[in-house]
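Chain residues, written in single-letter form:
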Protein chains: 4
Amino acid sequence: MENEKTVSIESELADVSNQQFTTKRATVPALEDILYTPHKVLDHGFIRVVDYMGDDNAVVQAARVSYGKGTKKVSQDRGLLRYLLRHRHTTPFEMCEIKFHIKLPIFIARQWIRHRTANVNEYSARYSILDKEFYLPSPEHLAAQSATNKQCRGDTVTPEEAQKVLEILKEDSERCYANYKYMLNQDENGEPQDETRAGVARELARMNLNLNYYTQWYWKIDLHNLMHFVALRADSHAQYEIRVYAEIMKEILKRWVPNTYEAFQDYREGGVNLSRIGLEIVQKLIRGEQVDQGNSGLSKREWKELMESLGLDI
Amino acid sequence: MENEKTVSIESELADVSNQQFTTKRATVPALEDILYTPHKVLDHGFIRVVDYMGDDNAVVQAARVSYGKGTKKVSQDRGLLRYLLRHRHTTPFEMCEIKFHIKLPIFIARQWIRHRTANVNEYSARYSILDKEFYLPSPEHLAAQSATNKQCRGDTVTPEEAQKVLEILKEDSERCYANYKYMLNQDENGEPQDETRAGVARELARMNLNLNYYTQWYWKIDLHNLMHFVALRADSHAQYEIRVYAEIMKEILKRWVPNTYEAFQDYREGGVNLSRIGLEIVQKLIRGEQVDQGNSGLSKREWKELMESLGLDI
Amino acid sequence: MENEKTVSIESELADVSNQQFTTKRATVPALEDILYTPHKVLDHGFIRVVDYMGDDNAVVQAARVSYGKGTKKVSQDRGLLRYLLRHRHTTPFEMCEIKFHIKLPIFIARQWIRHRTANVNEYSARYSILDKEFYLPSPEHLAAQSATNKQCRGDTVTPEEAQKVLEILKEDSERCYANYKYMLNQDENGEPQDETRAGVARELARMNLNLNYYTQWYWKIDLHNLMHFVALRADSHAQYEIRVYAEIMKEILKRWVPNTYEAFQDYREGGVNLSRIGLEIVQKLIRGEQVDQGNSGLSKREWKELMESLGLDI
Amino acid sequence: MENEKTVSIESELADVSNQQFTTKRATVPALEDILYTPHKVLDHGFIRVVDYMGDDNAVVQAARVSYGKGTKKVSQDRGLLRYLLRHRHTTPFEMCEIKFHIKLPIFIARQWIRHRTANVNEYSARYSILDKEFYLPSPEHLAAQSATNKQCRGDTVTPEEAQKVLEILKEDSERCYANYKYMLNQDENGEPQDETRAGVARELARMNLNLNYYTQWYWKIDLHNLMHFVALRADSHAQYEIRVYAEIMKEILKRWVPNTYEAFQDYREGGVNLSRIGLEIVQKLIRGEQVDQGNSGLSKREWKELMESLGLDI
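Computed from a predicted model, the values in this text were never measured in an experiment.

Caption draft 1: Focus on the overall build of chain A. A tally of regular secondary structure across chain A gives 14 helices and seven strands. Considered along the principal axes of its C-alpha atoms, chain A spans approximately 85 × 60 × 30 Å. Looking at chain A as a whole, 48% of its 314 residues qualify as buried. Counted over contacts in chain A with a minimum sequence separation of 6, partners at least 24 positions apart contribute 68%.

Below you can see the structure in the form of structure tokens.
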């Protein structure tokens, strides 16, 4: 199912994954171990690191130039990284870069690309023929996502209903792809399949594909913006299909910059933002005063969000 | 076919287009005349200006602060704007902003969004139901684009073939949309259509739509980056379906900043970049020397591009 | 003391502040009232709004396109703005722009420019002659800033010492400016002061000026990034000389987008970020458990910061 | 003269320049040879590469993903790189990054920072004490720059005048630094020099320094933006003091990405932009027609610029 071009990327990468060079640059053995290795995501997707620059120490180094003597107070590197993240001193984290090769469904790519602070080179269906690879959710996720979806009035999607939906998705995807190929009238090598008729331009034929078709890209981002991406997209409110990519990125973060990752978990992932009123409520609760939604100054929705974020059941 | 939310945008904009305020801000009557007015593009798309800031004079003002006395040499505003564009002094043009409301096919939105220097708020099919509006090319453009498309070995698409392709696109779009609605199991008001079964989450159902479905967004950009967008996308190498939007933007540019637009035409649109070797060839040609591809130092492709850009037939 | 160029900006702005145009654009009367009016800052600085685009409603409109039906749950505009800020949905706030004309000391301009998400046109001492205007702190601020400054081992700066410092600053500024003018050998009109000798290029002579000399620029930024700037620079840890500018911006924010400003105060300014451990400590405190720095898992520094941010004295 | 912090950066870098790691990443031996090595610039400045990511091949790889089969037509890597630069397909060049450690005078740092598409961590005089290192131009450059400077009506700066100017600069720099240290009242270790009086905060004392004092920073940028920086700043119109840094960057580019550099020289450095009218004039000249400024449609200034860029003397 893969066309020639994709295959050539695969083989190119196979070559590089065996190469060994000598460098004076900061090098992270735990990340080298998985360099170029694809991590499977969803049914046909993957994510793999293809290059990186810098490590925990590069962040520390940049911070020490900026904050100079001020950084002495937090003399240990680990403490400094925590200090930087706590106080949102973000520029030292911009000194590290990482480059991924990612395969993902188009409707997820459309969400993803809204993070504008990355560099992207996407496979172009204007110039190339897309592979016949489309995303089908697993029945469990289909049911689970639809259940948590507030707009759904009905009951949970039953296994039979899920099956039916998957058949619809599969049939539509296959029919649209067959018609895409018919319109192109080209085989894998760009030769006409049917000599008696002309083909439609690739840039037009592609419009018949569904949003669950896979695309791929190189995506390069600095460490600060990667943490921002992960914080938003590995969050429980993110759509499942992008969350699974973000979760692999967390594992990659952990290998690449373990001390930064630890601080990230403490100050971003595990942390909570309190509003002015939220802070007042916390202060009252600590003093043992009675507070309920009615006298809190918060709307029901905000009250619920606050109690959830504090892990309280009041 | 329009759902409630879109309708409300329409009526909101209808209200504002009648409003009249008094302002001390730079105001451009020619642009006010078309403020909020949709310009039709393709079969269901549109583009309209919903806000703007600054004018030709704001660029001049910013340049005079930056270049100070240096700008005296080019004492007239028109001359200064030409000087700035000629010498790629881009920051003064960043002092003007314009905000559009645009409706466009998804496969074009995917090209468009690669311009990262704009602000975007897109209609989200994760939260809302997409309208049943999809793009079908006109038979002429289908044939024309496919003919210029280098990958096509066959002859031109005949009228009969074009008709067949359009039927395929229409059928697939309609079937996929019907299935999208079936999976959602919701009417326009979010009420279940069939009470006996659950619906699928919007964020999942949308994946069955084709890339020719229309989306819409607010898109805000500064004048410098708008000119860059227009130069790339109104170019003859751009895909027809994005070029028609860029061409309307040119008309808008002309109304908004007429002097900048004139300079833009002279230095960007009508201009040519010569390479080092291209310059040497031009110098030889001016001196009346013989040059052909063989002795030019250029590849056949580069030679052809150079002769075309010079409008020569050698 | 002002040279011709600056004067011409003043008179240009004087002209525009009396103009009255009719527009269909969103207009904010409270901001129009102070359009072009300089607000004095420090001894020679100022800040004034020279243009703007959008208002509270533009943010709401952009959010309703993006989040569609989802925004119905928060049906009122004020509630929607609060929701957006609380959940860090930042793109709708990028739909508004504001442009300032600002005069500020160079050492503050160097801090300021690190915010890269703005557009800037600065007065260039490469092409123009800088005015003889330099910043001298007030004796109180000189003492206050030096006292809170952790590196200072000594006692507070006494009035006599402050006086001496100010004299040094004044003398050095004046001598360096006199030498700057001597090297330039030019009067206000660019005519040689002393016909018997050549002058030094402006781009070189400027290097003799001190960092307390004033520069000026146009600075244009969107509402999201403006709030970020204000949150960082109106903070009590920011240097006094930039904080005074940020505080005026807060007043401007309040006039321009009152509902957004209210939400900004509740969720950014008055808010607190709790780390994972900070959250655990708060939970323990609410449950009435004993926690002190020793058993908290926090360093002394982090403990102190947490207690301060919670307004507790434990 | 160097304070403790700077020394520690030096020794840190000394350590790393001897390290040898094994990596699977793309590695460029010619760049490794000069990694961490400072190249002297001006009297106290330097520039050195401290990290990099990617090479010529990373650009090619990214382009092949984007343009897919389209890139077959330009089958060789060198040809593809030339094609990309010629057609301003810039995103593949964004896939490479380089990080520099740079020491430069503050008035040059102020020009430099206007390139917003880089990541910066600057030594902060708010937290640290600046070294006593200031820039003095050489007498030749002082004279040369002042002569080409259009504002100068007088004759060339004579050797005696240059000597006098340098003495002024030196004296003012030294006096201001001595007063800076007096106000700080701190030695290298932050200990009070005079126990009987308090010191002034670093964030305030720094304002007495001149713009020719040296600062330093880490500066990280992608290959596309680096070429843009070099094209602007190695240009003959750039100020000498920034041009010398840009020229070293050209040497670094040549080592790092030799094929890209070759294309850069042909299409950026050695190239010329013709306006619409400029193109018409060139066409007339090639046809042997008479054109002079009077009948050209160009202003005298534009005509002169065109003739210079074409290397013609008409």
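Caption draft 2: Molecular detail of the interface of chain D and chain C. Opposite the 48 residues of chain D that make contact, chain C presents 48 residues. Going through the elements one at a time, α5 (106-112), α6 (139-148), α7 (159-184) and α8 (202-205) of chain D are the ones with two or more residues in the side of chain D that touches chain C. Residue classes in the side of chain D that touches chain C are distributed as 21 nonpolar, 15 polar and 12 charged.

Caption draft 3: Seen up close, the relation of the copies chain D and chain C. In the superposition of chain D on chain C (RMSD 0.0 Å, axial shift 0.0 Å), the rotation amounts to 180 degrees. A rotation of that kind, with that shift, is consistent with a two-fold axis. For chain D, the minimum C-alpha distance to the rotation axis belongs to Asn210 of chain D and amounts to 2.1 Å. Of all interface residues in chain D, 100% are interface residues in chain C too; the two copies therefore contact each other through one and the same surface.

Caption draft 4: Expanded view of the relation of the copies chain A and chain B. If you rotate chain A by 180 degrees and push it 0.0 Å along the axis, it lands on chain B with an RMSD of 0.0 Å. Both copies share a contact surface, since 100% of the interface residues of chain A are interface residues in chain B too.

Caption draft 5: Molecular detail of the environment of Tyr36 of chain C. All names here are of chain C. Within the secondary structure, Tyr36 is located in the loop between α2 (29-32) and β2 (39-41). Residue classification places Tyr36 among the buried residues on the basis of 20 C-beta atoms within 10 Å. Along the sequence, Tyr36 and Val49 sit 13 residues apart, while their C-alpha atoms lie 5.5 Å from each other.

Caption draft 6: Quick peek at the sheet that holds strand β4 (residues 97-105) of chain B. All names here are of chain B. Taken in spatial order, the five strands line up as β2-β3-β4-β6-β5 in an open sheet, and their pairing is antiparallel. Each edge of the sheet is formed by a strand with only one pairing partner; in this case those strands are β2 (39-41) and β5 (119-122). Sheet twist, expressed as the average angle between the axes of neighbouring strands with direction ignored, equals 25 degrees. Strand direction decides the pairing type here: β2 and strand β3 (residues 45-53), joined by three bridges, are antiparallel. Opposite Val41, over in β3, you have Gly45 as the bridge partner. Docked against the sheet, helix α9 (residues 223-233) engages β4 and β6 (214-222), running at close to 130 degrees with respect to β6.

Caption draft 7: Just helix α11 (residues 258-269) of chain A, in detail. Where α11 of chain A is concerned, the buried positions are Thr260, Tyr261, Ala263, Phe264, Asp266 and Tyr267 of chain A. Its buried side turned inward, α11 of chain A meets α3 (56-67), α4 (77-86), α9 (223-233) and α10 (240-256) of chain A together with α12 (276-286) of chain C.

Caption draft 8: Region of interest: unusual backbone geometry. Residues and elements named next belong to chain D. Positive phi values are uncommon outside glycine, yet Leu42 reaches one of about 50 degrees. Overall, Leu42 belongs to the buried group, with 20 C-beta atoms counted inside 10 Å. With a phi close to 55 degrees, Asn185 is a non-glycine residue in the positive phi region. Relative to the elements of secondary structure, Asn185 occurs in the loop between α7 and α8.

Caption draft 9: Here's a closer look at the interface of chain A and chain B. Taken together, the 48 residues of chain A in the interface contact 48 residues of chain B. The set of elements that each furnish at least two residues to the side of chain A that touches chain B consists of α5 (106-112), α6 (139-148), α7 (159-184) and α8 (202-205) of chain A. Among the residues forming the side of chain A that touches chain B, the class breakdown is 21 nonpolar, 15 polar and 12 charged.

Caption draft 10: How the structure looks around the domain arrangement of chain A. Partitioning chain A into domains gives domain 1 (4-135 + 213-269), domain 2 (137-211) and domain 3 (276-310). Once you take the C-alpha centre of each, domain 1 of chain A and domain 3 of chain A turn out to be 37 Å apart.

Caption draft 11: Expanded view of the sheet that holds strand β6 (residues 214-222) of chain D. The strand order across the open sheet built from five strands is β2-β3-β4-β6-β5 (chain D), with neighbouring strands paired in antiparallel fashion. The open sheet has two free edges, formed respectively by β2 (39-41) and β5 (119-122) of chain D, since each of these has just one partner strand. Here the strands of the sheet are splayed against their neighbours by 25 degrees on average, with no regard to which way each runs. Two elements, strand β3 (residues 45-53) of chain D and strand β4 (residues 97-105) of chain D, share seven bridges in a ladder whose sense is antiparallel. In the sheet register, Val49 of chain D faces β4 of chain D, and the bridge partner there is Phe100 of chain D. Each of β3, β5 and β6 of chain D touches α3 of chain A; the most contacted strand, β5 of chain D, lies at about 50 degrees to it.

Caption draft 12: Fine view of the packing of α3 of chain A against α4 of chain A. Residue and element names in this part refer to chain A. Look at α3 against α4: their axes get within 10 Å of each other, and the N-to-C directions meet at 70 degrees. In terms of axis orientation, α3 runs roughly perpendicular to α4. Where α3 abuts α4, its residues Asp56, Asn57, Val59, Val60 and Ala63 lie against Asp77, Leu80, Leu81 and Leu84. Classifying every residue of the contact of α3 with α4 gives six nonpolar, one polar and two charged.

Caption draft 13: A look at the packing of helix α9 (residues 223-233) of chain D against helix α10 (residues 240-256) of chain D. All names here are of chain D. Relative orientation of the contacting elements α9 and α10 amounts to 135 degrees, with a least axis distance of 9 Å. Classified by the angle their axes make, α9 and α10 are oblique. With respect to the hand of their crossing, α9 and α10 are arranged in left-handed fashion. For the pair α9 and α10, contact is made by Leu226, Phe229, Val230 and Arg233 and by Ile242, Arg243, Ala246, Met249, Lys250 and Leu253, respectively. Considered class by class, the residues forming the contact of α9 with α10 number seven nonpolar, no polar and three charged.

Caption draft 14: Looking closely at the pairing of strand β5 (residues 119-122) of chain C. Residue and element names in this part refer to chain C. Side-chain alternation along β5 places Asn119 and Asn121 on one buried face and Val120 and Glu122 on a second face that is also buried. Relative to strand β6 (residues 214-222), β5 is paired through four bridges, and the arrangement is antiparallel. When the bridges of β6 are listed, Glu122 appears paired with Trp217.

Caption draft 15: How the structure looks around the confidence of the model for chain A. Residues and elements named next belong to chain A. Of the residues in chain A, 90% have a pLDDT of 70 or more, and the chain-wide mean is 89. This model gives residues 1-7 a pLDDT under 50, and the stretch forms 13 contacts once residues within four places in sequence are excluded. Model confidence for the complex: the whole-complex pTM is 0.94, and ipTM, which rates the interface, is 0.91.

Caption draft 16: Expanded view of the environment of Glu247 of chain C. Inspection of the secondary structure puts Glu247 of chain C in helix α10 (residues 240-256). In sequence terms Glu247 of chain C and Gln19 of chain C are 228 residues apart; their C-alpha atoms lie 28 Å from each other.

Caption draft 17: Here's a closer look at the environment of Val272 of chain D. One can find Val272 of chain D in strand β7 (residues 272-274). On the basis of neighbour counts, which here come to 19 C-beta atoms within 10 Å, the residue Val272 of chain D falls in the partly exposed class. Taking the C-alpha atoms as reference, Val272 of chain D lies 25 Å from Arg255 of chain D; in sequence the two are 17 residues apart. With residues near it in sequence (within four places) discarded, Val272 of chain D still touches Leu274 and Leu279 of chain B together with Ser309 of chain D.

Caption draft 18: Broad picture of α3 of chain A. Residue and element names in this part refer to chain A. Taking 1.5 Å of rise per residue, 12 residues should cover 16 Å, and α3 covers 17 Å from first to last C-alpha, within 8% of that figure. A large share of α3 lies buried, amounting to 11 of its 12 residues. All of the buried residues along α3 are Asp56, Ala58, Val59, Val60, Gln61, Ala62, Ala63, Arg64, Val65, Ser66 and Tyr67.

Calculation notes
Residues numbered from 1 in each chain as written. Chains lettered and ligands numbered in written order. Predicted model: local features only at pLDDT ≥ 70, side-chain atom pairs only at ≥ 80, totals over all residues. Helix = DSSP H or I, 4+ residues; strand = E, 2+ residues; numbered from the N terminus. Buried ≥ 20, exposed ≤ 12 C-beta atoms within 10 Å, placed from the backbone. Contact = placed C-beta atoms within 7 Å. Nonpolar A, V, L, I, M, F, W, Y, C, P; charged D, E, K, R; others polar. Least-squares fit on C-alpha atoms with pLDDT ≥ 70 in both. Pairing = 2+ DSSP bridges. Axes fitted to C-alpha atoms, helices over the stretch in contact; angles between N-to-C directions. Domains from an automatic or database assignment. Parallel < 35°, antiparallel > 145°, perpendicular 65-115°, else oblique. Left-handed = near helix turned anticlockwise from the far one by under 90°. pLDDT = per-residue confidence, 0-100. Expected span 1.5 Å × (residues − 1).

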